[in-house]
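Observations on chain architecture
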Amino acid sequence: MAAEEATLVLIKPDAIKRGLAGAVLTRLEHTGLRLVGAKITRVNRALAEAHYQRLRDRPFFEELIQLLCGELHDIDYVWALVYVGPGAIDTVRTLTGATNPDHADPRSIRGAFGRNTTNGVMENILHASSDPQESAREIALWFRPEELLIPLSAPRKRAESSARAGRA
Ligand code: IDP
Ligand code: MG
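Numbering of residues begins from 1 in every chain and follows the order in which that chain's sequence is written. Here the convention is simple: chains get letters from A, ligands get numbers from 1, in the order in which they are written. Totals for whole chains, interfaces and linings use all residues, but because this is a predicted model, local features are given only for residues with pLDDT of at least 70 and pairs of side-chain atoms are given and counted only at 80 or more. To get the side-chain values, all heavy atoms of the structure are used, and hydrogens and water are removed first.

**Examining the sheet that holds strand S1 (residues 4-11)**
Filter applied, for reference: Two strands are counted as paired when DSSP detects at least two bridges linking them. Here a strand is any run of E in DSSP of at least two residues, a helix any run of H or I of at least four, and the numbering for each starts at the N terminus. Geometry is summarised by axes, namely lines fitted to C-alpha atoms with helices restricted to the contacting stretch, and by angles between N-to-C directions that run from 0 to 180 degrees. Here, two residues are considered to be in contact whenever any of their heavy atoms come within 4.5 Å of each other.
Strand order in the open sheet formed by four strands is S2-S3-S1-S6, and the pairing between neighbours is antiparallel. Each having just a single partner strand, strand S2 (34-41) and strand S6 (126-128) make up the two edges of the open sheet. Within the sheet, the average angular offset between the axes of one strand and its neighbour, ignoring direction, is 15°. Of the strand pairs in this sheet, S1 and strand S3 (residues 78-86) are connected by eight bridges, and their pairing is antiparallel. In the strand pairing of S3, Glu4 is matched with Pro86. Its contacts with the sheet put helix H5 (residues 88-96) on S1, S3 and S6, and the angle it makes with S1 is roughly 35°.

Structure (structure tokens):
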């Protein structure tokens with residue numbers, strides 16, 4: 001049985017602009033994972049930069065920040081969602097598909113709906129956490145604990161407490 005995990009999904013402004021948020025939510029709902037947090041929220045530059053901090057040295061970083069903030073699509077919000085369940089991170093990553101929509105499995109969300117525009121912008125519809133450390137960091141960035149239906153503990157804390165339990 002896969003480990004119980006939590007994962008953050010962001011439905012990005014390109015999806016909202018194209019009226020695809022409902023289709024994405026439907027596919028996420030069909031995973032059977034439990035939705036424990038959901039909101040629409042504005043994204044300011046500081047939040048976008050913190051979210052994508054690992055990519056700050058990449059040449060497309062500025063465009064990526066503008067995209068997440070909605071500046072490229074004249075959209076002023078994203079959907080932020082937290083799903084939990086066994087193997088939730090991989091389940092949602094597989095459903096999401098490869099980063100580049102041209103390379104994504106056509107059965108995935110990005111394969112079905114993503115595109116590279118003629119202006120060279122990668123519109124890949126959604127963000128999905130890539131690993132337990134990132135999901136814990138991202139969920140804490142986007143949600144206050146009281147906004148979630150259940151308390152979530154960070155993976156490192158879980159590891160530390162089992163190490164403590166082992167020593168006791
Ligand atoms: P992921 O979203 O599949 O996890 P990451 O490598 O974490 O992919 O990149 C984060 C986001 O940065 C992507 O979803 C996409 O929006 C953007 N991105 C990644 N690579 C490129 C690129 O080569 N050109 C433009 N945007 C990119
Ligand atoms: Mg990523």
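**Some points on the site of ligand 1**
The cut-off we apply is this: Note on terminology: near, applied to a residue and a molecule or strand, indicates that one of the residue's heavy atoms is within 4 Å of it. We call two N or O atoms a polar contact when they sit within 3.5 Å, provided that within protein one can donate a hydrogen and the other can accept it, with sequence-adjacent residues counted only if both atoms are side-chain atoms. Methods summary: accessible areas were calculated by the Shrake-Rupley approach with a probe of 1.4 Å, and residue burial reflects only the protein chains presented. Three classes are used, and their members are as follows: Ala, Val, Leu, Ile, Met, Phe, Trp, Tyr, Cys and Pro are nonpolar, Asp, Glu, Lys and Arg are charged, and the others, Gly among them, are polar.
What surrounds ligand 1 is the set Lys12, Tyr52, Leu55, Phe60, Leu64, Arg93, Thr99, Arg110, Met122 and Asn124. Side-chain polar atom of Arg110 to an oxygen atom of ligand 1: 2.9 Å apart, as the coordinates give it. Residue Asn124 places a side-chain N or O atom 2.7 Å away from an oxygen atom belonging to ligand 1. Protein contact buries 74% of the 530 Å² of open area that ligand 1 shows by itself. When its residues are assigned to classes, the shell around ligand 1 shows five nonpolar, two polar and three charged.

**Focus on unusual backbone geometry**
Comment: phi is negative for the bulk of residues other than glycine, and the bulk of peptide bonds are trans. Spelled out, the test is: Exposed residues in this analysis have more than 50% of their type's maximum accessible area, buried residues have under 20%, and partly exposed residues fall in between, with area computed by a 1.4 Å probe over protein chains only.
Of note, the phi angle at Asp74 is positive, near 55°, even though the residue is not glycine. On the secondary structure map, Asp74 appears in the loop between helix H4 (61-68) and S3. A positive phi is found at Ile125, a non-glycine position, where the angle reads about 75°. Summarising the element assignment, Ile125 is placed in the loop between strand S5 (122-123) and S6. Overall, the relative accessible area of 0% leaves Ile125 in the buried class.

**Some remarks on the pairing of S3**
When you tally the buried positions in S3, you get seven out of nine residues, the bulk of the element. Note that S2 and S3 share seven bridges and pair antiparallel. What sits directly across from Arg34, in S3, is Val84.

**A closer look at the packing of aromatic side chains**
Where we set the bar: Any Phe, Tyr or Trp ring, taking Trp's six-membered ring, that has another such ring centre within 6.5 Å forms a pair; planes under 30 degrees apart are called stacked, those over 60 apart edge-to-face, and the others tilted. Note on geometry: a ring has a charge over it if NZ (lysine) or CZ (arginine) is within 6 Å of the ring centre and within 35 degrees of the ring normal.
Counted according to the given criterion, the structure contains zero aromatic pairs. Geometry around Phe143 places Lys39 over its ring, the cationic atom sitting 4.6 Å from the centre.

**Things to note about helix H7 (residues 132-142)**
Selection criterion: Directions pointing from the helix axis toward each C-beta atom define the arc.
The complete set of buried residues in H7 reads Glu134, Ser135, Glu138, Ile139 and Trp142. The arc enclosing the buried residues of H7, seen along the axis, measures out at 125°, which places them on a common side. The N-capping residue of H7, defined by a side-chain oxygen 3.1 Å from the backbone nitrogen of Gln133, is Asp131.

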